[in-house]
Amino acid sequence: MSDTLPPAPNSEEDIEDAFETESTRLDREADAILLRDEMRSLGVRPLRRALREDAGLVGDWGRERARRLRGAVEEEPVRASVYALGLGVIIGLLMAR
């Protein structure tokens, strides 16, 4: 496994709408309302920004877990192999039922 990061999006706005529709216009108006000072003070943020930020947090969490797992396997490869074999046997037995 390598420690490479996924490619960065080409622009800050990685969710694009192909064409102008009533829905996209309403989305932009809703985002503008949520960016007002009174809404920001309540901790409200636009849905797309919230999704992008949450996806970044999940990606960071996953990379950290993968790094820790890789370190544990490198420190004790025999123990990790025995655990993997045991889990494989258990899953195989459950699937055979």
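Residues numbered from 1 in each chain as written. Predicted model: local features only at pLDDT ≥ 70, side-chain atom pairs only at ≥ 80, totals over all residues. Heavy atoms only, no water.

## Focus on the overall build of the protein
Next, step 1: A tally of helices and strands in the protein yields four helices and zero strands.
Next, step 2: Counting from the amino terminus, the protein carries its helices and strands in the arrangement α-α-α-α.
Next, step 3: Buried positions account for 6% of the 97 residues belonging to the protein.
Next, step 4: If you sum the accessible surface of the protein, you get close to 8600 Å²; carbon and sulfur atoms cover 62% of it. (Helix = DSSP H or I, 4+ residues; strand = E, 2+ residues; numbered from the N terminus. Buried < 20%, exposed > 50% of the residue type's maximum accessible area, 1.4 Å probe, protein only. Areas by Shrake-Rupley, 256 points an atom, 1.4 Å probe, with all protein chains shown as cover.)

## A look at the pattern of salt bridges
Next, step 1: All chains considered together, the criterion is met by three salt bridges.
Next, step 2: For D60, the salt bridge is made with R63, and the minimal N-O distance between the two is 2.6 Å. Residue D60 and its partner R63 are both found in helix α3 (residues 47-75); the two are separated by three residues, about one turn of the helix.
Next, step 3: Taking the shortest distance from any N to any O, the salt bridge between R67 and E64 comes out at 2.6 Å. Of the two residues, R67 and E64 are both situated in helix α3; the distance of three residues between them amounts to about one turn of the helix.
Next, step 4: Residue class for E64 comes out partly exposed when judged on its relative accessible area of 34%. (Salt bridge = Lys/Arg side-chain N within 4 Å of Asp/Glu carboxyl O.)

## Section: α3
Next, step 1: In a regular helix each residue adds 1.5 Å, so 29 residues correspond to 42 Å; α3 covers 42 Å between its end C-alpha atoms and thus fits that length.
Next, step 2: Every buried residue belonging to α3 is among R48, A50 and R70, and all of these are buried. (Expected span 1.5 Å × (residues − 1).)

## Quick notes on the confidence of the model for the protein
Next, step 1: Across the protein, pLDDT averages 79, with 70% of residues at or above 70.
Next, step 2: Mean pLDDT across the secondary structure elements of the protein bottoms out at helix α2 (residues 37-41), with 64, and peaks at helix α4 (residues 77-96), with 95. (pLDDT = per-residue confidence, 0-100.)

## Here's the deal with a nonpolar patch on the surface
Next, step 1: Taken together, L85, V89 and L93 make up a surface patch of nonpolar side chains, about 310 Å² in accessible area.
Next, step 2: Checked against the element boundaries, L85 lands in helix α4.
Next, step 3: Exposure remark for L85: the relative accessible area of 59% places this residue in the exposed category. (Patch = residues over 30% accessible without salt bridge, like charges linked within 9 Å, V, L, I, M, F, W, Y side chains within 5 Å.)

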